[in-house]
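Each chain is listed here by its residues.
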Amino acid sequence: MKAVSCSNAQLELVDLPTPAPARGQLLLEVLRCGICGSDLHARQHCDEVADVMAETGYDGFMRSDQQVVFGHEFCGEVLDHGPRTRKAPRAGTRVVAVPLLRRGKDVHAVGLSVAAPGGYAEQMLVEQSLALPVPNGLSPEAAALTEPMAVAWHAVRRGEVRKRDVAIVIGCGPIGLAVVCMLKARGVRTVIASDFSPGRRALAARCGADIVVDPAQDSPYAAAAGHGHLQTSPEALGLAVGTVDKLYKARLPWWHVWRAAEAVGAATPKHPVIFECVGVPGVIDGIIAGAPLFSRVVVVGVCMGADAIRPAMAINKETDLRFVFGYTPMEFRDTLHMIAEGKVDVSPLITGTVGLGGVANAFDALGDPAKHAKILIDPKSPLQEVS
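Residues numbered from 1 in each chain as written. Predicted model: local features only at pLDDT ≥ 70, side-chain atom pairs only at ≥ 80, totals over all residues. Heavy atoms only, no water.

- Looking at an unreviewed UniProt entry, one finds the protein named Alcohol dehydrogenase, with Mycolicibacter kumamotonensis as its source organism.

Shown next, in the form of C-alpha cells:
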C-alpha cells in the first residue's frame, strides 16, 4: 500500500505492506485524514516530546530516526476484521475511531508511534472497541474532524464555561477555531477571538466568534469591557471593603449575608475564561499579565520549548491556570454526534485537500496562516498541490 512516512524530518511517499489486524482490531480503508498541528510539531520536535512522554511513563512516542506514518484525525471504511473478532461494524461501514492501538499489553498513540501507523496511508488499523460508525450520512471530510473537535470540546468542558461567561480565544489556528465552534455549540453568548492573521480572524467570525480582535491594534481583554470584570488589585480590595462597609452601615451581620451570597455563587467576582491556543513561549505569561483578575486560563496550545511565567503576577491576580490534553472516549463519541446532528459546523475549518503525493507540499502550505486551517488528505486523490 502507499503511505507517507516521516524519518529525520523528511516526508516520503513509500510502499509498505498492508497491515494485518490482530484480534479485536479492524482494517480500514482511509477515506480522509487531517493534517494536525501536532504532526507539524512532531516532524521537527519529536525527540523533545518523546523525552517528556518518557518522563510520564510512556516510552513509545516516535523518535526522529524511526520511520513513522502520521495521521490521527481520520475517517475510514471497514475492510476486514482481525481473527476471532466479532464482525461489527460490518465491512463497508464508515467509521471514526479514538486513535489508540494495542500492541500486546501496551497501548500506543496512532500516527505518533512507530508501533501504530496512522492515516497518511491507504489502509490502517484501529481498535474495534474504539471505532464508531459515522451516523446520519455524515461526509468523510466532516467525520475526519471528530478528533480535533473532541480536543476542543474537552478544553471547553475543562474550562467550565457558563453561557453568561465571556470566553476569549487567543490564537485562531485549527484548534483555536475548533474551540470557538465548541463554545458556540455550548451556548456561550460572548466569544472573543484574537489573532494577528486577517485570514484566521475571518475564519473565526465564520465559526461564530462574536468579536474578532487584531492584537496588534486592540486588546482582547479590553474587548470584554463592560462585563463586570475586575482589572486591578485596588478594584478588588475596594469592592471587598466597600461591600462590608455597606452592610455594616445597614446594621446587618455582614458575614451571614456574605456566606449566603457564597452559597448561591453571588460572591464570586465575574471573570472571563481564556483559551490559550498558540503554544509559543511567552504567551501564557502575557495572558496572565493582561487578563482581568480571577481569570481562568485553559492552556490548549502545545508549547514545544521551555517557557517561564511570573508566579507573583498570577498569585496577585489569583489566576486559575489549567492545562488540558486530549479527550475522553465519551467526549469523542459526543463530538461525532454533535457534528452529525448539525450542532457544530466544521466546514469553515476545511480549507484544502491533497493526495498522498502532495503531503510535503501541504506541510509547507500550512506554514502560511493566512491561507489554511485544516488540510485533508484523500489517499485516492492524485493532487500534488493543495486545492
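Read on for the rest.
## Structural notes on the nonpolar core
So, point 1. Of all hydrophobic cores here, the largest spans 52 residues; its most connected members are Met149, Leu183 and Phe275.
So, point 2. When residues of this core are traced back to their parent elements, those giving at least two are α2 (140-143), α3 (146-158), β11 (166-170), α4 (174-186), β12 (190-194), α5 (198-206), β14 (273-276) and α10 (329-340).
So, point 3. Two domains each donate at least three residues to this core, and these are domain 1 (2-133 + 346-377) and domain 2 (150-323).
So, point 4. Filtering out sequence-adjacent residues up to four positions away, Met149 remains in contact with Ala178, Cys181, Met182, Thr335, Ile339, Val344, Val346 and Leu349. (Core = buried A, V, L, I, M, F, W, Y, C linked by side-chain atoms within 4.5 Å. Buried < 20%, exposed > 50% of the residue type's maximum accessible area, 1.4 Å probe, protein only. Helix = DSSP H or I, 4+ residues; strand = E, 2+ residues; numbered from the N terminus. Domains from an automatic or database assignment. Contact = heavy atoms within 4.5 Å.)

## Let's talk about the domain arrangement of the protein
So, point 1. When cut into domains, the protein gives domain 1 (2-133 + 346-377) and domain 2 (150-323).
So, point 2. Taking the mean C-alpha position of each, domain 1 and domain 2 sit 34 Å from one another.
So, point 3. Taken together, the twelve residues of domain 1 in the interface contact twelve residues of domain 2.
So, point 4. Across the interface of domain 1 and domain 2, roughly 1000 Å² is buried in total on both sides, 70% from carbon and sulfur atoms. (Buried area = accessible area lost by both parts, 1.4 Å probe.)

## Looking at the side chain of Ser381
So, point 1. Position of Ser381 relative to the elements: it lies in the segment after β18 (374-377).
So, point 2. Look at Ser381 and you get buried, because its relative accessible area is 14%.
So, point 3. From its side chain, Ser381 meets the backbone nitrogen of Leu383 in a polar contact 3.1 Å long.
So, point 4. For Ser381, the residues in contact, after removing those within four places along its chain, are Gly355 and Leu356. (Polar contact = N/O pair within 3.5 Å; in protein donor to acceptor, adjacent residues only side chain to side chain.)

## Section: a positive patch on the surface
So, point 1. Taken together, the side chains of Lys163, Arg164, Arg189 and Lys270 present a region of like positive charge at the surface.
So, point 2. Assessed through its relative accessible area of 68%, Arg164 is described here as exposed. (Patch = residues over 30% accessible without salt bridge, like charges linked within 9 Å, V, L, I, M, F, W, Y side chains within 5 Å. Areas by Shrake-Rupley, 256 points an atom, 1.4 Å probe, with all protein chains shown as cover. Salt bridge = Lys/Arg side-chain N within 4 Å of Asp/Glu carboxyl O. Lys, Arg positive; Asp, Glu negative; His and termini not counted. Charge placed at Lys NZ, Arg CZ, Asp CG, Glu CD.)

## What to know about the sheet that holds β14
So, point 1. Spatial strand order, β13-β12-β11-β14-β15-β16: six strands in an open sheet with parallel pairing. Two strands bound the open sheet, and with one partner strand each, they are β13 (211-213) and β16 (320-323). Neighbour-to-neighbour, the strand axes of the sheet open up by a mean angle of 20°, direction not taken into account.
So, point 2. Strands β11, β14, β15 (296-299) and β16 of the sheet are contacted by helix α8 (residues 283-290), whose axis makes an angle of about 160° with β14. (Pairing = 2+ DSSP bridges. Axes fitted to C-alpha atoms, helices over the stretch in contact; angles between N-to-C directions.)

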